[in-house]
Amino acid sequence: MIRRAQPWLGTLVDIGIFDALPEDEAQRAATLAFAAVALVQRLMSFHDPASDVSRLNRAAPGAVLAVDPHTWQVLRLAQRVSAASGGIFNIACAPQLVAWDCLPAPADVAATPLRAPTFAPGLEVLRCEDGGAVRKLAPGWIDLGGIAKGYAVDLAIAALQGTGVREACVNAGGDLRVIGAAALPLAIRSPAQPQAAGAHLSLRDEALATSATYFSSKPWRGASVSALLDGRDGRPLAGPASVSVRAPLCAAADALTKVVLASGDPTHPALAEFGASAFII
């Protein structure tokens with residue numbers, strides 16, 4: 001058994017391998033899993049000008065870009081969750097998050113704010129096409145912060161399984177996935193007192209993601225905003241609730257927490273499409 005942690009994706013990624021493997025094999029497996037997480041950060045960072053996300057954000061409407069297959073998969077999943085949720089989950093929210101100072105403006109527009117796009121609910125900014133290409137449909141910026149972390153967890157788990165690991169947990173700041181026969185006990189933060197537990201559960205061969213605004217809420221022009229919003233109208237999510245979603249894959253769980261948080265519905269129909277369930281604290 002080994003346990004290692006590294007800072008990635010704006011959080012601490014913790015990898016635990018529980019198999020009775022030789023030390024060198026376990027360390028090698030963990031290194032490959034961290035490399036998978038690093039790949040997701042490189043491809044999908046809003047901040048890195050060389051990432052696929054930044055390339056898409058700079059592209060003019062009508063442009064068709066080739067992106068990494070992992071980026072394409074995440075964009076395609078984001079479109080599925082958006083459709084299933086009636087637009088609650090919306091990766092084209094980045095202009096609003098920049099306006100609230102929850103995201104920094106991309107370097108190439110920071111000095112010329114008039115060039116910055118505005119958030120338009122319902123506007124389709126891009127479309128995934130066959131062959132791994134993405135077509136830019138309208139001016140706008142996307143941010144994959146609400147789904148890429150979960151995908152990185154799934155990719156890290158796949159890397160571990162590819163080395164023969166059967167019992168493990170990858171935890172990226174509360175978005176996690178467990179493999180193996182043993183149940184892993186977990187505590188969920190209380191939104192009223194984030195330093196304390198608000199719920200306890202066990203996880204076996206599935207993923208769990210949690211979203212809340214107790215760390216990102218802040219005042220903005222007389223209102224309270226956060227790093228989360230309702231993609232249907234741009235309304236900030238800054239309430240006292242915490243949402244956790246269980247699902248087979250962490251990417252789906254990650255995205256669906258925003259759907260439940262915005263709708264307030266722990267039985268939202270989008271959950272069933274991805275084999276997920278939710279609870280609200």
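Residues numbered from 1 in each chain as written. Predicted model: local features only at pLDDT ≥ 70, side-chain atom pairs only at ≥ 80, totals over all residues. Heavy atoms only, no water.

1. Quick look at the overall build of the chain
What the chain contains, in helices and strands, is eight helices and 16 strands. Against the 2.2 N^0.38 benchmark of 19 Å for 281 residues, the chain shows a C-alpha radius of gyration of 19 Å, consistent with a compact globule. A principal-axis box enclosing the C-alpha atoms of the chain has dimensions of 55 × 40 × 35 Å. Burial statistics for the chain: of 281 residues in total, 49% are counted as buried. Relative to all contacts within the chain whose residues are 6 or more apart in sequence, the contacts with residues 24 or more apart total 63%. As presented, the chain carries roughly 12,500 Å² of accessible surface, and 55% of it is formed by carbon and sulfur atoms. When the 23 positive and 24 negative side-chain charges of the chain are each reduced to one mean point, those points stand 4 Å apart. (Helix = DSSP H or I, 4+ residues; strand = E, 2+ residues; numbered from the N terminus. Rg over C-alpha atoms; globule rule 2.2 N^0.38 Å. Buried < 20%, exposed > 50% of the residue type's maximum accessible area, 1.4 Å probe, protein only. Contact = heavy atoms within 4.5 Å. Areas by Shrake-Rupley, 256 points an atom, 1.4 Å probe, with all protein chains shown as cover. Lys, Arg positive; Asp, Glu negative; His and termini not counted. Charge placed at Lys NZ, Arg CZ, Asp CG, Glu CD.)

2. Observations regarding the nonpolar core
Generally speaking, a soluble globular protein has its nonpolar side chains buried in company with each other. Judged by nonpolar contacts, the single largest core of 83 residues is most densely connected at Met44, Leu75, Leu144, Ile147, Leu160, Val245 and Leu256. Val245 has contacts with Ala207, Leu208, Ala209, Ala253, Leu256, Thr257, Val260, Leu271, Ala276, Ser277 and Ala278, leaving out every residue within four places of it along the chain. (Core = buried A, V, L, I, M, F, W, Y, C linked by side-chain atoms within 4.5 Å.)

3. A closer look at the side chain of Ser211
On the secondary structure map, Ser211 appears in strand E10 (residues 206-212). In this structure the side chain of Ser211 is engaged in a polar contact, spanning 2.7 Å, whose partner is the side chain of Thr257. Those residues in contact with Ser211 that lie beyond four places of it in its chain are Leu228, Ala241, Ser242, Val243, Thr257, Lys258 and Leu261. (Polar contact = N/O pair within 3.5 Å; in protein donor to acceptor, adjacent residues only side chain to side chain.)

4. Examining the confidence of the model for the chain
Low pLDDT means the predicted coordinates in that region are not meant to be read closely. Residues of the chain with pLDDT of at least 70 account for 97%, and the chain-wide mean is 94. Scored below 50 in pLDDT, residues 110-114 makes one contact in the model with residues more than four places away or belonging to other chains. (pLDDT = per-residue confidence, 0-100.)

5. Some points on the pattern of salt bridges
A complete count under the given rule lists twelve salt bridges for this structure. The salt bridge involving Asp14 is made with Arg3; its shortest N-O contact spans 2.8 Å. Of the two residues, Asp14 sits in strand E2 (residues 11-17) while Arg3 sits in strand E1 (residues 2-8), which places them eleven residues apart along the sequence. Among the residues examined, Asp14 registers a relative accessible area of 17% and is labelled buried. (Salt bridge = Lys/Arg side-chain N within 4 Å of Asp/Glu carboxyl O.)

6. Topic: the sheet that holds E10
Spatially, E1-E2-E6-E7-E10-E15-E16 is the arrangement adopted by the seven strands of the open sheet, whose pairing is antiparallel. A strand with exactly one partner marks an edge of an open sheet, and here the two such strands are E1 and strand E16 (277-280). Going across the sheet, the axis of each strand differs from the next one's by a mean of 15 degrees, ignoring polarity. Bridge count between E1 and E2: seven bridges; the pairing is antiparallel. Bridging across to E2, Gln6 finds its partner in Val13. Packed onto the sheet, helix H6 (residues 148-162) meets E2, strand E6 (168-172) and strand E7 (175-179) and runs at close to 25 degrees relative to E7. Helix H7 (residues 250-263) contacts E7, E10, strand E15 (242-247) and E16 of the sheet and is inclined by roughly 35 degrees relative to E10. (Pairing = 2+ DSSP bridges. Axes fitted to C-alpha atoms, helices over the stretch in contact; angles between N-to-C directions.)

7. Details of the sheet that holds strand E5 (residues 133-136)
The three strands are arranged E3-E5-E4 in an open sheet whose pairing can be described as antiparallel. Either end of the sheet is taken by a strand with one partner, and the two such strands are strand E3 (64-66) and strand E4 (126-129). Averaged over neighbouring strand pairs, the angle between their axes works out to 30 degrees when direction is ignored. Packing of helix H3 (residues 69-84) onto the sheet brings it into contact with E4 and E5, and relative to E4 it is tilted by some 120 degrees.

8. As for helix H1 (residues 23-44)
If you check H1, its first and last C-alpha atoms are 32 Å apart, about what 22 residues at 1.5 Å a residue would give, namely 32 Å. Among all positions of H1, only Ala26, Ala29, Ala30, Ala33, Phe34, Ala36, Val37, Val40, Leu43 and Met44 are buried. (Expected span 1.5 Å × (residues − 1).)

9. Let's talk about the state of the cysteines
Evaluation of the coordinates by the stated rule reveals zero disulfides. Of all cysteine sulfurs, the one in Cys93 lies closest to Cys128, which takes part in no disulfide; the gap is 16 Å. (Disulfide = S-S within 2.5 Å.)

10. A few points about the packing of H6 against H7
Direction vectors running N to C along H6 and H7 enclose 165 degrees, while the axes themselves pass 7 Å from each other. One element, H6, and the other, H7, form an angle in the roughly antiparallel class. Taken as a pair, H6 and H7 cross one another with a handedness that is right-handed. On H7, the residues touching Ala148, Lys149, Gly150, Tyr151, Val153 and Asp154 of H6 are Cys250, Ala251 and Asp254. When the residues that make up the contact of H6 with H7 are grouped by side-chain class, the tally is five nonpolar, one polar and three charged. (Parallel < 35°, antiparallel > 145°, perpendicular 65-115°, else oblique. Left-handed = near helix turned anticlockwise from the far one by under 90°. Nonpolar A, V, L, I, M, F, W, Y, C, P; charged D, E, K, R; others polar.)

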